[in-house]
Amino acid sequence: MSTLGDEVGAPGAKTSPTPDWEATADLVVVGSGVAGLTAALRARELGLSVLGVTKAAVSDSNTRWAQGGVAVVDAGTGDSVAGHVADTLAAGGGLCEEDVVRSIVAGGPAAVARLRARGTTFDRADDGTLARTREGGHSAFRVIHAGGDATGAEVQRALAADVGRKRVPVLERHIAVDTLRTSSGDVGGLLLLDPDGAACVVRARAVLLATGGFGQLYQATSNPEIATGDGLALALRAGAVAADLEFVQFHPTVLYTPGARGRCPLVTEAVRGEGAVLVDAGGARVMPGVHPLGDLAPRDVVSAAITRTMADAGADHVYLDASGIGGFARRFPTVHAACARVGVDPAREPIPVAPAAHFACGGVATSPEGRTGVRGLYAAGEIARTGLHGANRLASNSLLEGLVVGERAAEAVAMDLAAGELAPLTRATPGDAAVAPVANRGLLQRLMSRHAAIGRGASGLAVAASRIAAARRDRALDGHGVVEDAALTLLADVLLAVAAERTESRGCHVRADYPQRDDAGWQRSLRVRLDATGAPVVLTPALASGAA
Ligand SMILES: Cc1cc2nc3c(=O)[nH]c(=O)nc-3n(C[C@H](O)[C@H](O)[C@H](O)COP(=O)(O)OP(=O)(O)OC[C@H]3O[C@@H](n4cnc5c(N)ncnc54)[C@H](O)[C@@H]3O)c2cc1C
């Protein structure tokens, strides 16, 4: 899909070598996952002129790969918002913001109702109610799913179809490179590269980033190729504050194949929710005695336990025994197909699994309505750090966050426009971030996987930082690949800086040299921004309290 609607100032003829064309809109939404499409649809309903931009096809996103489902309370099943909040706080390792958690969790049922009204079909139980499964860290069966284990594909399909029906224009294969800024630093649009690398400008009263996470910073990840953190890098360069970036969640179970690199197929946590157990090569259970919830402990706990088991045995994977689950192929068709491709039959033999980079718990610091500290710049979905996830995301809370905050961010833009808070269209100009430091992607991934994964330590983090510093070169951001590599390079710098700063272990941040949680010193988020040279500066608590 690539439609330009009539209410957006459509690209005109080429007038100058750079940019090649300009468009205008009230709001430009970057990203076509759950958060971006939800925001674009809501903004359109509110009467804003919206332009969607996405660097691949509309169907390419993390959202499309989500398996387990959406965590959402149904009071009729005996579940409660208070229970979902308590589980989220317990998983988050003391760093969730409780009022934000309550607000997003409480917004879930209405957001899911609107998602269903937009055409999403969830699986039903035999009695006709929505089927609900349980995942790690959840004390209730509250995770709704679609197509068995293909929830994200259904959400993506339905939202994209609605965007098409409502004629919301989306520019496909256009990558956002930099923001346009006014003289006072407000954001007023975007510099893009089209599929051929030609520059184009979208002037907008507001920019909403919904560009997802950065799993591609690591060698093995559940994330698709688009997950390179571009929006987060762009927001940092625009002066936004980021927080909680040291908390990269490793999913405990991606399908292990020897030497696997890039996107690895996920084995959804719902498989453990329905009875599968983790075992080592000798068949001994991994989780008993580690956590009261056993195999359904929060992800950080399970990933760390698997990592310890692998280290003790000198192995690079463990196994998931799902042989007790009847009708596996029907209930988990996506996982079954991925296993079949590597010759594993989950009904008869344990599935080889290992942890892999999965989810960015931190991101651009925003309010629960998606406002950043930079006027005109909004963020929603995995890119944003609202305070919902703290040090470790509770399973299936991210589609929920994308739905709830995606809508609220569109409403915040409409409200800020009506209040005259946003810069007029004509004032913003492209910045000069056309050149940025770039290191080789393979080197970044190797260094981050070796030194900044589970069990990081001061010396390894320092080695990674100095090798990246030595390897990077300034390069013109004149193609899609180099824009992504520049983002990954910046995020590696920032992540290494905050991971070195936090001298404790908490949630997804597991330090080999500081294995204990230290509430007296570290029960707070680390906030970071870039200085005038583009280097990350970790904000002191006093400075951070004023940042969004
Ligand atoms: C395998 C897998 C399984 C998961 N399972 C679940 C689950 O069961 N439940 C759950 O809640 N969560 C799950 N998650 C996490 C969840 O899918 C994501 O956190 C969520 O979908 C993120 O949505 P988003 O809208 O923020 O971003 P994404 O869905 O990642 O979309 C980002 C969009 O931004 C675009 N983009 C990026 N950079 C640029 C740029 N520079 N210019 C233009 N466009 C750009 C991309 O092309 C894409 O369209 C899973 C994730 C994975 C990878």
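Residues numbered from 1 in each chain as written. Predicted model: local features only at pLDDT ≥ 70, side-chain atom pairs only at ≥ 80, totals over all residues. Heavy atoms only, no water.

1. Focus: the overall build of the chain
The condition that has to hold: Secondary structure elements are defined from DSSP: runs of H or I of at least 4 residues count as helices, runs of E of at least 2 residues count as strands, and each element is numbered from the N terminus. For the radius of gyration, the atoms used are the C-alpha atoms, and the globule rule reads 2.2 Å times the number of residues raised to 0.38. Residues count as neighbours in contact if any of their non-hydrogen atoms are within 4.5 Å of one another. Accessible surface area values rest on a Shrake-Rupley calculation with a 1.4 Å probe, where residue burial reflects the displayed protein chains alone. Here the positive residues are Lys and Arg and the negative ones are Asp and Glu; neither His nor the chain ends is included. In plain terms, the charge of a residue is placed at NZ if it is Lys, CZ if Arg, CG if Asp and CD if Glu.
What the chain contains, in helices and strands, is 15 helices and 24 strands. In terms of overall size, the chain behaves like a compact globule, its C-alpha atoms giving a radius of gyration of 22 Å where 548 residues would be expected to give roughly 24 Å. Structurally, the chain occupies a C-alpha span of about 70 × 55 × 45 Å along its principal axes. Across the chain, contacts joining residues at least 24 apart in sequence account for 72% of those joining residues at least 6 apart. Accessible area for the chain stands at about 19,300 Å²; split by element, carbon and sulfur atoms hold 52% of it. Across the chain, the mean location of the 53 positive side-chain charges is 1 Å away from that of the 58 negative side-chain charges.

2. Notes on the sheet that holds strand β3 (residues 70–71)
The criterion, for reference: At least two bridges found by DSSP between two strands is the condition for calling them paired.
A sheet is described by the order of its strands in space; here three strands give the open sequence β3-β5-β4, paired in antiparallel fashion. Bordering the open sheet on either side are β3 and β4 (132–133), each of which pairs with just one other strand. With two bridges joining them, β4 and strand β5 (residues 143–144) adopt antiparallel strand pairing. Counted as the bridge partner of Arg-132 is Ile-144 from β5.

3. A short note on the packing of aromatic side chains
Our working definition: Between 30 and 60 degrees the pair is tilted, below 30 it is stacked and above 60 it is edge-to-face, where a pair is any two Phe, Tyr or Trp rings, Trp via its six-membered ring, whose centres lie within 6.5 Å. Relative accessible area decides the class of each residue, using a 1.4 Å probe on protein chains only: under 20% of the type maximum gives buried, over 50% gives exposed, and in between gives partly exposed. Only when the NZ atom of a Lys or the CZ atom of an Arg is both within 6 Å of the ring centre and within 35 degrees of the ring normal do we say a charge sits over the ring.
One pass over the structure, following the stated rule, counts two aromatic pairs. Measuring from centroid to centroid gives 5.3 Å for Tyr-218 and Phe-250, while their planes differ by 80 degrees, and the two rings are edge-to-face. With Tyr-218 in the loop between β9 (199–209) and β10 (220–221) and Phe-250 in strand β12 (residues 248–255), this pair connects stretches of sequence that are 32 residues apart. For Phe-250, a relative accessible area of 10% translates into the label buried. Judged by centre distance (5.3 Å) and plane angle (45 degrees), the rings of Phe-328 and Phe-332 are tilted. Judged by its relative accessible area of 4%, Phe-328 falls in the buried class. Assessed through its relative accessible area of 0%, Phe-332 is described here as buried. Taking the ring centre of Trp-65 as reference, the NZ or CZ of Arg-64 above it sits at 4.1 Å.

4. With respect to the domain arrangement of the chain
How big an interface is tends to be reported as the loss of accessible area on association of its parts. Note the threshold: Domain start and stop positions are those given by an automatic or database domain assignment. Note: buried area is the sum, over both parts, of the accessible area (probe 1.4 Å) each one loses when the two are combined. Definition used for salt bridges: Asp or Glu carboxyl oxygen within 4 Å of a side-chain nitrogen of Lys or Arg. Pairs of N or O atoms within 3.5 Å make up the polar contacts considered here, provided that, within protein, one atom can donate a hydrogen while the other can accept it, and that residues adjacent in sequence are counted only when both atoms are side-chain atoms. Any residue that is not Ala, Val, Leu, Ile, Met, Phe, Trp, Tyr, Cys, Pro, Asp, Glu, Lys or Arg is counted as polar, Gly included; the first ten are nonpolar and the last four charged.
Taken domain by domain, the chain comprises domain 1 (21–61 + 171–247 + 359–380 + 407–430), domain 2 (255–357) and domain 3 (435–520). Contacts between the two partners involve 26 residues from domain 1 and, on the opposite side, 30 residues from domain 3. Buried area between domain 1 and domain 3, both sides added, is near 2,400 Å², and the carbon and sulfur share of it is 68%. When residues of domain 1 are sorted by the area they lose upon contact with domain 3, Leu-217, Tyr-218 and Glu-246 head the list and together hold 31% of the total. The interface formed by domain 1 and domain 3 holds two salt bridges in total. At the junction of domain 1 and domain 3, the tally comes to eight residue pairs in polar contact (both at pLDDT 80 or more). Mapped onto the side of domain 1 that touches domain 3, the elements with two or more residues apiece are β7 (175–181) and α5 (230–237). The biggest single contributor to the side of domain 1 that touches domain 3 is α5, with five residues. Grouping the amino acids of the side of domain 1 that touches domain 3 by side-chain chemistry returns 14 nonpolar, six polar and six charged.

5. What to know about the pattern of salt bridges
Going through the model one piece at a time under the given rule, you end up with 34 salt bridges. Arg-132 serves as the salt-bridge partner of Asp-74, at 3.8 Å between the closest nitrogen and oxygen. Note that Asp-74 is positioned in the loop between β3 and α2 (81–91) and Arg-132 in strand β4, a separation of 58 residues in sequence. For Asp-74, a relative accessible area of 28% puts it in the partly exposed group. Asp-295 serves as the salt-bridge partner of Arg-285, at 2.9 Å between the closest nitrogen and oxygen. Of this pair, Arg-285 sits in the loop between β14 (277–279) and α7 (299–313) while Asp-295 sits in the loop between β14 and α7; the two residues are 10 residues apart in sequence, bridging distant segments of the chain. One connected set of salt bridges, linked through shared partners, spans Arg-42, Glu-45, Arg-114, Arg-118, Asp-162, Arg-165, Lys-166, Glu-407 and Glu-411.

6. What about the packing of α5 against helix α13 (residues 480–501)?
Worth spelling out the cut-off: The axes used here are C-alpha line fits, helices contributing only the stretch in contact, and every angle between their N-to-C directions lies in the interval 0 to 180 degrees. Our angle categories are set so that under 35 degrees counts as roughly parallel, over 145 as roughly antiparallel, 65 to 115 as roughly perpendicular, and the remainder as oblique. Handedness of each helix crossing follows the sense of rotation of the near helix against the far helix: counterclockwise by less than a right angle gives left-handed, clockwise gives right-handed.
Axis separation between α5 and α13 bottoms out at 8 Å; the angle between their running directions is 70 degrees. On the basis of the axis angle, α5 is roughly perpendicular to α13. As for how α5 packs across α13, the hand of that crossing is left-handed. Across the interface between the two elements, Asp-230, Leu-232, Ala-233, Leu-236 and Arg-237 from α5 touch Glu-484, Ala-486, Ala-487, Leu-490, Leu-491 and Val-494 from α13. Of the residues belonging to the contact of α5 with α13, the class tally is eight nonpolar, no polar and three charged.

7. A look at the nonpolar core
Note the following rule: We call a set of buried Ala, Val, Leu, Ile, Met, Phe, Trp, Tyr and Cys residues a nonpolar core when their side-chain atoms join them within 4.5 Å.
Core analysis: the largest hydrophobic core is formed by 63 residues, its most contacted members being Leu-209, Phe-214, Leu-217, Tyr-218, Leu-232 and Leu-377. Looking at which element gives the most residues to this core, the answer is α13, with 10 residues. For this core, the domains that each give at least three residues are domain 1 (21–61 + 171–247 + 359–380 + 407–430) and domain 3 (435–520). The contact partners of Leu-209, leaving out residues within four places of it in the chain, are Val-30, Gly-231, Leu-234, Ala-235, Leu-377, Tyr-378, Ala-379, Ala-380 and Ile-383. By size, the runner-up hydrophobic cluster in this structure holds 51 residues, among which are Ala-35, Leu-37, Tyr-378 and Leu-417.

8. A few points about a positive patch on the surface
Our working definition: Patches were defined on residues exceeding 30% relative accessible area and lacking a salt bridge, with like-charge contacts within 9 Å and nonpolar side-chain contacts (Val, Leu, Ile, Met, Phe, Trp, Tyr) within 5 Å.
Residues Arg-261, Arg-446, Arg-450 and Arg-467 make up a contiguous surface patch of positive charge. Tracing the backbone shows Arg-467 in helix α12 (residues 458–471). Of the residues examined, Arg-467 reaches a relative accessible area of 44% and is grouped as partly exposed.

9. Focus: unusual backbone geometry
Within the chain, Arg-167 stands out as a residue other than glycine whose phi angle is a positive 55 degrees. By the element assignment, Arg-167 lies in the loop between α4 (151–165) and β6 (170–171). The phi dihedral of Asp-244 falls on the positive side, at around 60 degrees, and the residue is not glycine. Along the chain, Asp-244 turns up in the loop between β11 (242–243) and β12.

10. Remarks on α7
Spelled out, the test is: Given the number of residues in a helix, its expected span is that number minus one, multiplied by 1.5 Å.
The first and last C-alpha atoms of α7 sit 21 Å apart over 15 residues, in line with the 21 Å expected at 1.5 Å per residue. Residues of α7 that are buried include every one of Arg-299, Asp-300, Val-302, Ser-303, Ala-304, Ala-305, Ile-306, Thr-309 and Met-310, and no others. At its buried positions, α7 is contacted by β12, α6 (270–273), β14, β15 (318–321) and β16 (351–360). In the stretch just after α7, Gly-314 is the one whose phi turns positive, near 65 degrees.

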